[in-house]
Structures are given as structure tokens and as C-alpha cells.
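Read off the chains here:
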Amino acid sequence: MEVFSFIFGACFGSFLNVLILKLPLNQSLITNTRSKCPSCSHSIYWYHNIPLLSYVFLRAKCAYCGCKISFQYFFIELLSAFLTLFLYLKLGLSQEFIFMCLLSYVLIVLSFIDLKYKAVPDYLLLIAFVLSFFSSSFSLFESFKNAFLFVGALVLLNFVVTFYIQNIKSKLLKDESLKTQEALGEGDIPIIAMIGVILGISSGVIAIFLAAFFAIIPSIYSNLVKKDIQTPFIPYLVLGFFTEYFFSLETFIKAFF
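In this text the structure is predicted, and so the values were computed from the model without any measurement.

Colleague: Is there a simple way to explain the overall build of the chain in this structure?
Modeller: Along its length, the chain carries nine helices and zero strands. Counting from the amino terminus, the chain carries its helices and strands in the arrangement α-α-α-α-α-α-α-α-α. Evaluated residue by residue, the chain yields a buried proportion of 40% over its 257 residues. For the chain, the exposed area adds up to about 15,100 Å²; of that, 69% sits on carbon and sulfur atoms.

Have a look at this one:
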């Protein structure tokens, strides 16, 4: 089952690549033709489209024109495979495992779309939020309460961090455009609520703290090197969520202190 879960995750990761490519462009997912190379438009046969293996054997190049294949395809397949495996090891073959897999796949798609476009489809956010209630080990009442408390705390957090960006960071970086920037976007709210639903209050706070920590260096790099004041936060929220979900740092912190 461990091997099967890894293979299944890799295969589903191949489909996630399609979603990441087509959903932001509003392209149909249903087609009667094979996948094509974006460079030479040659049809890709099934033996050139095996998750993980084809990328390695083809040496990250198209078999027909030699054009380089983006590492993103391989990375998402590998990420999906390992996530599915880890979820199986944690939850076993259960209903919670199935819903957590579906939620994880949606979070992967959201993260990579946000990284590229700095905006995500609202319906994906809604799907992630709804799936969180089926993936939570808390009761329905507790899940709603945690989501409500997290959204309320978000208002205060957004005010404090936005004040920091608009006043302190703008002076440090001498960038007047930062004075109109808000810390969190609308797309972050459902993800933060989702974190509260699944992890609860204390673990959820740790997950958000981790997300902010993970985002520090990319944010500074984006500001100084790319001259881009916008940093997509959903990928770091997702990274913080999975770090706390799998490693339970809350338990470690309580034991240590």
C-alpha cells in the first residue's frame, strides 16, 4: 500500500500539472487529442508521459525537438507522490485519508497558481475550505468555531502586519509604493480559516507563524532583486500548514517549555 500510494500520488500529480496550466487560462480540461509539446506541438505518446520516469529518461527534454521540459512538472509529481505517501502513513486507508488527499491536491494547485499569477480562482478556495470540514478530526461545531476565531484574529493580524509594511518596511527599503500595500490578500482568508478547521487554534497559530517565517527570505529577495512588492502568501501558508500537520511542533514546544 505504501508503494501504491506513492505511485497513485505521482499519477495524480501529472493531472495537477494540467490543472495548474489550464485553470488560470479558462481552458477546457476535456480534449480528444493527446498532450502536445508546447514548443514543437508534436503529440506526446504515453511512453513519453509516464509520471517521474519520463522526465528522468528523457533528461528533461522533449523527445522530438529537444526543447527543455520545465522542472515544475517533475517537482509537482514528486511532491504529490510524497504527500500521498505521508498521508497514508499518518492516517491509513480511511475516509480522512481520502479527503486529506483531495484537499492536499487542491492546495498544491492553489500554491503554484498563486506563485505564477499572484491570484487564484475563488472556486478552488471554496473547494479547499469545504474539504477541510471533511478532513478535520474536530466536531462540526468545533471546526466552525475555530474557523470563526481564525478569521477574527486575521483582521487584527492584517492590521498589525500592514502597519509594519506601510510604515517600517517602506522606510527601511525606501519604497513609497509599500505604503499602499496590504499584508494579506482576500485569497489568504479561506486558507487561514482552513488551517483553523483542521489544526485547531494553538497548532493553527504555529502554522501561520511558520508560514510568515518561510516567507521572509523570498519576500526580501522579491523586493530587492525582482523589485516586486507583492509576495504570494498562499504557498507559505500551505507549507506552514503541512509542517505543523505532519511534525506537530505544538507538542514539541509544550514538552520543551
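Colleague: Could you clarify how one ought to interpret a nonpolar patch on the surface in this entry?
Modeller: Together, Trp 46, Tyr 47, Ile 50, Leu 53, Val 56 and Phe 57 make up a nonpolar patch on the protein surface, roughly 700 Å² of accessible area in all. Mapping Ile 50 onto the fold places it in the loop between α1 (2-22) and α2 (53-57). A residue is classified by how much of its surface remains accessible, and Ile 50, at 32% relative accessible area, is partly exposed.

Colleague: Which parts of the structure should I look at to understand the nonpolar core?
Modeller: Taken as a class, soluble globular proteins show a tendency for nonpolar side chains to be buried jointly. In terms of nonpolar packing, the biggest core is built from 44 residues, with Leu 103, Leu 107, Val 109, Leu 110, Ile 195, Ile 198 and Phe 241 touching the most fellow members. Only α1, α3 (71-91), α4 (95-117), α5 (122-135), α7 (188-224) and α8 (234-247) provide two or more residues apiece to this core. Sort the elements by how many residues they give to this core and α4 lands first, with twelve residues. In contact with Leu 103, other than residues within four places in its own chain, are Ala 128, Leu 131, Ser 132, Ser 135, Met 194 and Ile 198. Formed by six residues, the second largest nonpolar core is a distinct cluster that contains Ala 10, Leu 52, Ala 60 and Phe 74.

Colleague: In this structure, what is going on with the state of the cysteines? I would like to understand it.
Modeller: Note on terminology: disulfide describes a covalent bond linking the sulfur atoms of two cysteines. Per the counting criterion, the structure on display carries zero disulfides. Considering cysteine sulfurs only, Cys 65 is the nearest to Cys 67, which forms no disulfide, with 4.9 Å between them.

Colleague: Sorry if this is basic, but what is going on with the confidence of the model for the chain here?
Modeller: Summing up the model confidence of the chain, the mean pLDDT is 81 and the portion of residues at 70 or higher is 79%. The least confident element of the chain, judged by mean pLDDT, is helix α6 (residues 140-172) at 66; the most confident is α3 at 95.

Colleague: Got a minute to help me understand the side chain of Ser 104 in this structure?
Modeller: Its location among the elements puts Ser 104 in helix α4. The buried category is assigned to Ser 104, whose relative accessible area is 1%. Side-chain polar atoms of Ser 104 contact the backbone oxygen of Met 100, separated by 2.7 Å. Contacts of Ser 104, omitting those with residues within four sequence positions, involve Leu 83, Leu 87 and Phe 242.

Colleague: What should I look at first to understand the packing of aromatic side chains in this one?
Modeller: The relation between two aromatic rings is expressed through the spacing of the ring centres and the mutual angle of the planes. A complete count under the given rule lists 21 aromatic pairs for this structure. Between Phe 8 and Phe 12 the ring centres are 5.8 Å apart and the planes differ by 40°, which places this aromatic pair in the tilted class. You can see Phe 8 and its partner Phe 12 sitting in helix α1, four residues apart, about one turn around the helix. A relative accessible area of 24% means that Phe 12 is categorised as partly exposed. Chaining the aromatic ring pairs together yields one cluster made of Phe 6, Phe 82, Phe 86, Phe 241, Phe 242, Tyr 245 and Phe 246. Lying across the ring of Tyr 245, Lys 90 places its NZ or CZ 4.8 Å from the centre.

Colleague: I tried to follow unusual backbone geometry on my own but got confused; where do I start?
Modeller: Apart from glycine, the bulk of residues carry a negative phi angle, and the bulk of peptide bonds sit in the trans form. For Ala 60, which is not glycine, the phi dihedral falls at a positive 60°. Residue classification places Ala 60 among the buried residues on the basis of a relative accessible area of 9%. A positive phi angle, near 55°, is found at Lys 118, a position not held by glycine. In this fold, Lys 118 is placed in the loop between α4 and α5.

Colleague: Help me understand the pattern of salt bridges, please; the structure alone is not making it clear to me.
Modeller: One pass over the full model with this rule turns up one salt bridge. The residue Lys 145 makes a salt bridge to Glu 142 at a minimum N-O spacing of 3.4 Å. Of this pair, Lys 145 and Glu 142 both sit in helix α6, separated by three residues, roughly a single helical turn. According to the relative accessible area criterion, Lys 145 is partly exposed, its value standing at 36%. A relative accessible area of 27% places Glu 142 in the partly exposed class.

Colleague: Any chance you could explain the packing of α3 against α4 here in plain terms?
Modeller: In helix packing, the relevant descriptors are the interaxial angle and the interaxial distance, both defined with respect to the helix axes. At a minimum axis separation of 10 Å, α3 and α4 run at an interaxial angle of 155°. When the interaxial angle is binned, α3 and α4 end up roughly antiparallel. Handedness of the crossing formed by α3 with α4: right-handed. On α4, the residues that touch Gln 72, Phe 75, Ile 76, Leu 79, Ser 80, Leu 83, Thr 84, Leu 87, Tyr 88 and Leu 91 of α3 are Glu 96, Phe 97, Met 100, Cys 101, Ser 104, Tyr 105, Ile 108 and Phe 112.

Conventions used here
- Residues numbered from 1 in each chain as written.
- Predicted model: local features only at pLDDT ≥ 70, side-chain atom pairs only at ≥ 80, totals over all residues.
- Heavy atoms only, no water.
- Helix = DSSP H or I, 4+ residues; strand = E, 2+ residues; numbered from the N terminus.
- Buried < 20%, exposed > 50% of the residue type's maximum accessible area, 1.4 Å probe, protein only.
- Areas by Shrake-Rupley, 256 points an atom, 1.4 Å probe, with all protein chains shown as cover.
- Patch = residues over 30% accessible without salt bridge, like charges linked within 9 Å, V, L, I, M, F, W, Y side chains within 5 Å.
- Salt bridge = Lys/Arg side-chain N within 4 Å of Asp/Glu carboxyl O.
- Core = buried A, V, L, I, M, F, W, Y, C linked by side-chain atoms within 4.5 Å.
- Contact = heavy atoms within 4.5 Å.
- Disulfide = S-S within 2.5 Å.
- pLDDT = per-residue confidence, 0-100.
- Polar contact = N/O pair within 3.5 Å; in protein donor to acceptor, adjacent residues only side chain to side chain.
- Phe/Tyr/Trp six-rings, centres within 6.5 Å; stacked < 30°, edge-to-face > 60°.
- Lys NZ or Arg CZ within 6 Å of the ring centre and 35° of its normal.
- Axes fitted to C-alpha atoms, helices over the stretch in contact; angles between N-to-C directions.
- Parallel < 35°, antiparallel > 145°, perpendicular 65-115°, else oblique.
- Left-handed = near helix turned anticlockwise from the far one by under 90°.

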